[in-house]
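# Chain and residue survey
This is what each chain is made of:
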Amino acid sequence: MEITRKDASAEAPGSRSSLAAGIDILRKDLLRNKYIYLMMLPGFLYYIVFHYIPMYGATIAFKQFTPAAGIWDSPWVGFKHFQDFFKSYYFWRIIKNTLLINLYSLLFGFPAPILLALLLNEVRKMWFKKTVQTLTYLPHFVSVMIICGLIVDFTSKNGLINDIIVWFGGTRDNLLMKAELFRTIFVSSGIWQEIGWGSIIYLAALSGIDQELYDAANIDGAGRFRQILSVTLPGIMPTIIILLILRIGHMMDVGFEKIILLYNPSTYETADVISSFVYRKGIVDANYSYSSAIGLFNSLINFVLLIGANKLSKKFSDSSLW
Amino acid sequence: MKRSVGEIVFDTANAIILCALTVATLYPFLYVAFASVSSPTELSGHHGLLLAPIGIQWEAYKLVLQNPLILSGYKNTLIYVSVGTTLNVIVTALMAYALSRKGVLLRNHIMMFIVFTMFFGGGLIPTYLLVKGMGMLNSIGAMVLPGLIGTMNLIIMRTYFQGIPEALEESARLDGAGDWVILFRIILPLSMPVISVMILYYGVGHWNAWFNASIYLNKSELFPLQLVLRNILIANSTDDMMVTLGVNQKGQDMSEVIKYTTIMVATVPVLIVYPFLQKYFAKGVMIGAIKG
């Protein structure tokens, strides 16, 4: 799997001759492929406007932005907002929350679809396998709003989950108001929603495993469980690693919408993450520069994580993103 | 081949686990469906699992389906989904085709320029300020343009186009076809699988979108369904709804049932479309992942 393709046809112009010759080649190309460039135009403009202009806009993290002055004319303040953020009471809290929520999602959420795929792979009756698959995909397509509506309702004081807790001799409580439960609710509902969908890709990888390996393992006397460990798992390992890298690269920004919908002041202590903090400080409190500084900090961590994860994967396995 | 005892135990345990998982996935939706037609007073006295509706009533559905906010939410969502998805697919397809052509000098540079945005971005606030600065607040533009191209989708489509045999294109060129003809008469007709997947991905995205709406729109008559849902399901303001409907305060009980009914009304379209889309799911993930 590769994200970028290197292509021999696109050597840098001017690498062998002078700059003028390069420009000449480029002009001929623009003329010859004018319709191609015309087709690119809307998309190109989209990337300039909605991706690169905001990158320029991110400079307000280093400025004292006021809407009246605009981005260009607001005065520079250097790293003031970053320093304010690093020194603030919230810094460690949201870093800790972001890391923990993601770590738990990774720890429990990442293996779940793999397990499901392994179990499904062992099912011999096709109709059963298909039915389970179809039904477990379903929650993936239900909007985060509905999912959160269900969570709010089921965890409320008179909700279903409390009914079950009472059966087992517990006491009723509004579970979403309890800071210590937020992560559990967040992570487990995430698994519930995505386990089926996540398993598709592993099932695809599983279908590519050579059947003869199983026959060989069978002759060697390996039972079903042994076969899973020695044939199936190694067979999908490259897929697992690639998905793990992608996942780690986005460690810091998972589930932001769900958090905004589910948290409340009494759970900020464990629920508030970098992106929800950015949203609150920026959009709700209109603290634009401060919020952008935090957003930028977040992007940088993500970037470093992705590069790091890719390096690690290159070192320990043959699979990598680039 | 005869199955050993171990095999039988293994298969049975496996089937039980999978059944339990399926039930756990589906039951919340069943619960909501039962509750939405249950009598409010009986439901409020009921605790625990619901295995069938208790005391049928359809009043809540009447209330919800007459609610002006829900109706305008539906209408707006349909507009955002259709306009948005159409633009998404057209612009993505054009760009993907252009980037898939060999021998175009700048295409790899432009590809780098695009892929870079997957790793780094300006963030929420600068994007918000941009949209605001362009005067797009409270307009459909804010719902459609900031997500015009999903970069992953672009890559998927480009890879798919690259997989189409070049000989087809070459022979068309000999017959005098230009890039537009090649794209519309050869490439696109051969790309229906990937295009349907794109429609699915972008369409589901627009159907479920609420965050952009919540920051870029503040007129409730422009709200998509999901944002209307937020006020009812999360912010817990069914009272507003009862007031807009001119219904007398029937207490907490009725508003609970209205919530369930709202969930149903917003989920049923997904359930209806689901069987038709289902065959594309696996294909979509495959195209995206294996070649991506």
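For the structure, see preceding data.
Report follows, based on the coordinates. These numbers come from a predicted model, not from an experiment.

### As for the overall build of chain B
- On a plain count of helices and strands, chain B comes out with 15 helices and 0 strands.
- Whereas a compact globule of 292 residues would reach a radius of gyration of roughly 19 Å, chain B reaches 25 Å, over 25% beyond that.
- Looking at chain B as a whole, 52% of its 292 residues qualify as buried.
- Across chain B, every contact between residues at least 6 apart in sequence was considered, and the portion connecting residues at least 24 apart equals 72%.
- With an accessible surface of roughly 12,800 Å², chain B has 69% of that area assigned to carbon and sulfur atoms.

### Remarks on the overall build of chain A
- Across its full length, chain A holds 16 helices and 0 strands.
- For chain A, whose C-alpha radius of gyration is 25 Å, the value lies well above the compact-globule estimate of 20 Å for 322 residues.
- Taken over the C-alpha atoms alone, chain A extends approximately 70 × 55 × 35 Å along its principal axes.
- Residue burial in chain A is summarised as follows: out of 322 residues, 50% are buried.
- In chain A, the share of contacts with a sequence separation of at least 24, taken over all contacts with a separation of at least 6, comes to 64%.
- If you sum the accessible surface of chain A, you get close to 16,000 Å²; carbon and sulfur atoms cover 66% of it.

### Considerations on the pattern of salt bridges
Residue and element names in this part refer to chain B.
- Following the criterion strictly, the structure yields 17 salt bridges over all chains and no others.
- For the salt bridge of Glu-169 with Arg-101, the shortest nitrogen-to-oxygen distance reads 2.1 Å. Here Arg-101 lies in the loop between α4 (68-100) and α5 (107-119) and Glu-169 lies in helix α9 (residues 166-174), a separation of 68 residues in the sequence. Of the two residues, Glu-169 and Arg-101, neither departs from the other in class, the shared state being buried.
- The residue Asp-179 makes a salt bridge to Arg-173 at a minimum N-O spacing of 2.9 Å.
- A residue is classified by how much of its surface remains accessible, and Asp-179, at 8% relative accessible area, is buried.
- By relative accessible area, Arg-173 is classed as partly exposed at 37%.

About the cut-offs
Residues numbered from 1 in each chain as written. Chains lettered and ligands numbered in written order. Predicted model: local features only at pLDDT ≥ 70, side-chain atom pairs only at ≥ 80, totals over all residues. Heavy atoms only, no water. Helix = DSSP H or I, 4+ residues; strand = E, 2+ residues; numbered from the N terminus. Rg over C-alpha atoms; globule rule 2.2 N^0.38 Å. Buried < 20%, exposed > 50% of the residue type's maximum accessible area, 1.4 Å probe, protein only. Contact = heavy atoms within 4.5 Å. Areas by Shrake-Rupley, 256 points an atom, 1.4 Å probe, with all protein chains shown as cover. Salt bridge = Lys/Arg side-chain N within 4 Å of Asp/Glu carboxyl O.

By themselves, these are just geometric observations and shouldn't be taken as functional.
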